[in-house]
Structures are given as structure tokens and as C-alpha cells.
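A look at the structure
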Amino acid sequence: MKTRVTELLGIEYPIIQGGMAWVAEHNLAAAVSEAGGLGLIGGASAPGEVIRDEIRKARALTNKPFGVNIMLMSPYADEVAKVVVEEGVKVVTTGAGNPGKYMEMWKNAGIKVIPVVASVALARMMEKGGADAVVAEGTESGGHIGDQTTMSLVPQVVDAVSIPVIAAGGIADGRGIAAAFMLGAEAVQMGTRFVVAKESIAHQNYKDRIIKAKDIDTAVTGRSHGHPVRGLRNKMTREYIKLEQEGKSFEELEYLTMGSLRNAVMEGDIMTGTVMAGQIAGMVKKEQTCKEMIDEMMAETEKLLGRK
Ligand code: TUI
């Protein structure tokens, strides 16, 4: 299935794996790339040298292209932005901010730059700044989110820019991919489904919580202080939202989420940890290899789009 995105990135299938903090490490990224998609190493809040090591480990596992996601709220964003250049990474995606200040450095290094946006305004600004494509990410996504749904955001971004648009948020099977194509997207980015991949290092408790999730099981914390984060409901989200309703400040709430994503992903603490996942978790029902997931989804997509 060729699109401008598969051509731009030199990949077989129009599927990009989300740059999920803690989960998107070299094993998952290499497995997705080996299966014909684009794997990403999540820069998250890790120091530059940790990401350098991850890049080298991924390279040892695959000769296919992979990328790095740079989380712009990270205190190490500047460092990681340089490491990707030094290591000759071919694709960078960004999240949770405006990557404008790094654009020139990345473009000069020949890196394909794909910012994640949650609005038409930022998509337009990114196109002007030289972005090669954008990911339009709807509020159905897990983690840090914007306000608009994928269904309304994607076609509006498609109409506003001429660079290719990658849809994200609420997509976890061939029906979602086909629907995204109908909205004008030329690839999709998926996170939640890949969390439960066999190659994913997420703790079994985390995977099982996603597999058991129902449609209504996510909640959004942090709306009151402007950093909304979607995850699966648990003791932590209930407490957080209760305290937010009582008007507690970000500083007063911070203790609830310190190290909480790591605790959930690495230690399996799904009660008081942060179990980031998208609304589509209710549809993710089994652990498979990345190759099984991608082959199954592409067959379904091609059937629905009448291409096979
Ligand atoms: O970035 C994400 N998802 C994330 S980042 C993350 S790490 C984190 N951990 C704990 C608390 C908070 C964050 C977890 N999930 N997705 C991409 C994304 N970017 N979604 C929305 C945006 C976004 C939002 C506003 C991008 C730009 C923006 O405004 C930029 C500006 O300055 O105008």
C-alpha cells in the first residue's frame, strides 16, 4: 500500500508506532520496523545518552528505518534533539509542544520531521516551518491529549495543509485504518494496540489491564491545570480527579503521578500507577507479535478499501 508517507519514510505499510514513554524502547521499535511499519523510540523524559543507547540497540536489531519521538516537555529535549542528529536518525516525531526551534537543525541533517499536532493552527505552522508530514492526534489517544476528536481533526488538518497527514487516536484495527484513509490520512499512528505486542516490555499487569478494558474505562486527569492525560481508570485517577474537583493545584497533585508511569509499565503497579491508554483499549483483546498485528490489519484494510 503506497502513500506519500510510505514513500517519504521508505516503509512497506502506512503504520507508525506511537512514541510511548517507557513502552516504546528498542525492542518494540525494531519489531514494528521489521514488520514493515515505522517503529519509534520514545524519548519521553530520558537523558540524551539513554536515547543514544536505545538508538544503537535498535540498529543492532533491524536494518529497516525507525525513528525517535521527542517529548518536548522533557527537561532533556535539547539534548535528545542533538543526539538524533549525531546518531544519523532518519525520522523524528515530536509531541506535547512546538518543535519550531529544532526544525532548522533537523532539516539540515536531512531528518524527516513529523510533529504531532492536535489543532489545525499548529499543523499549518509546522508546514510553514518545513515539516515533512504531521500526525493529527485526536483526543481518543492515550497520554497527553488535545480536545478534538480524530473524526473531526483529521479532515480539517487534511484540508489545511498540503503535506501528508497521519491519523492517530482511536485506531487499532483495519476498520480504523480504512476510516482514517477515508478522512484523507495517508498513514496512521497507533499506540495502545502495540502496548500489548509480544515484543512490548510493558509489565504483564499493564497488558492485561488493557486487554480487560471496556469502552468506558479511560479517564482524563489534569484537565484543570492544562495538561490532560488519558489513562485507564484506577485508584490514582479517582483520587486525582476528586482532588482536582476540590480545586487542588498542579503542585499539590504532582505527588500522585511522580514516577507513576514507570511504576505501571515496569513494575506492574496498575492500581496507583499511571496506565496510559487510549479509548480504543476496549477493543484490544489479544497479545500478538507486531508482525501478526500488522499483517492482520493490512489485510483487513486492503479488503475494506477494495484494493485486494
Ligand atoms: O505527546 C503526546 N502524548 C504524550 S506525551 C506524554 S509524557 C507525559 N507524561 C506525563 C504527563 C504528561 C505528559 C504522554 N503522552 N502526544 C502528542 C500530542 N501533542 N498530543 C497533543 C499534543 C500537543 C498539544 C499541544 C502538541 C502541541 C501543543 O501545543 C503546542 C503549542 O505550544 O502550541
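To keep things clear, this report deals only with the structure shown in the data block. (Residues numbered from 1 in each chain as written. Predicted model: local features only at pLDDT ≥ 70, side-chain atom pairs only at ≥ 80, totals over all residues. Heavy atoms only, no water.)

1. Thoughts on the site of the ligand
- Around the ligand, the structure places 13 residues, and the nearest of them are Ala96, Val116, Leu122, Glu137 and His144.
- At 3.0 Å, a side-chain N or O of Glu137 approaches a nitrogen atom of the ligand.
- Within the backbone of His144, a nitrogen or oxygen atom sits 2.9 Å from a nitrogen atom of the ligand.
- Isolated, the ligand exposes 710 Å² of accessible area, and the fraction of that covered by the protein chains is 67%.
- Split into classes, the residues belonging to the shell around the ligand amount to seven nonpolar, five polar and one charged. (Near = heavy atom within 4 Å. Polar contact = N/O pair within 3.5 Å; in protein donor to acceptor, adjacent residues only side chain to side chain. Areas by Shrake-Rupley, 256 points an atom, 1.4 Å probe, with all protein chains shown as cover. Nonpolar A, V, L, I, M, F, W, Y, C, P; charged D, E, K, R; others polar.)

2. Some points on the sheet that holds strand S10 (residues 218-221)
- Here we have three strands laid out as an open sheet, ordered S7-S11-S10, and antiparallel in their pairing. Because the sheet does not close on itself, it has two edges, and the strands there are strand S7 (143-144) and S10.
- One ladder, built from two bridges, connects S7 with strand S11 (residues 229-232); its direction is antiparallel. Across the sheet, residue His144 finds its bridge partner in S11, namely Val229.
- Helix H11 (residues 235-245) rests against S10 and S11 of the sheet, and its axis sits at about 40° to S10. (Pairing = 2+ DSSP bridges. Helix = DSSP H or I, 4+ residues; strand = E, 2+ residues; numbered from the N terminus. Contact = heavy atoms within 4.5 Å. Axes fitted to C-alpha atoms, helices over the stretch in contact; angles between N-to-C directions.)

3. Some points on the sheet that holds strand S4 (residues 91-95)
- Spatial ordering of the open sheet is given by S1-S9-S8-S6-S5-S4-S3-S2, a layout of eight strands whose pairing is parallel. Each edge of the sheet is formed by a strand with only one pairing partner; in this case those strands are strand S1 (15-17) and strand S2 (39-42). Neighbour-to-neighbour, the strand axes of the sheet open up by a mean angle of 25°, direction not taken into account.
- As paired strands, S1 and strand S9 (residues 187-190) are joined by three bridges and run parallel to one another. Bridge pairing in S9 links Gln17 to Met190.
- Docked against the sheet, helix H2 (residues 26-34) engages S1, S2 and strand S3 (66-71), running at close to 165° with respect to S2.
- Packed onto the sheet, helix H4 (residues 77-86) meets S3 and S4 and runs at close to 160° relative to S3.

4. Remarks on the environment of Asp269
- Tracing the backbone through its elements, the reader meets Asp269 in the loop between helix H13 (260-267) and helix H14 (290-304).
- Judged by its relative accessible area of 24%, Asp269 falls in the partly exposed class.
- If near-sequence neighbours (up to four positions away) are discounted, Asp269 is found in contact with Asn263 and Ala264.
- There is a polar contact of 3.2 Å between the side chain of Asp269 and the backbone nitrogen of Met271. (Buried < 20%, exposed > 50% of the residue type's maximum accessible area, 1.4 Å probe, protein only.)

5. Some points on helix H10 (residues 204-212)
- For H10, the set of buried residues is Tyr206, Lys207, Arg209, Ile210 and Ile211.
- Next to the buried residues of H10 lie helix H9 (192-195), S11 and H13.

6. Comments concerning empty space enclosed by the protein
- Applying the stated criterion across every chain yields a total of one cavity of 30 Å³ or more.
- If you add up the space inside the largest cavity, you get close to 40 Å³.
- Surrounding the largest cavity, Ala219, Thr221, Val229, Arg230, Gly231, Leu232, Met236, Thr237, Gly273, Thr274 and Val275 form its lining.
- Elements that contribute at least two residues to the lining of the largest cavity include exactly S10, S11 and H11.
- By residue class, the composition of the lining of the largest cavity is five nonpolar, five polar and one charged. (1 Å grid on protein atoms, 1.4 Å probe; cavity = no way out; pocket = protein on both sides within 12 Å on 5 of 7 lines; lining within 4 Å. Points joined across faces, edges and corners; volume = space filled by probe spheres on them.)

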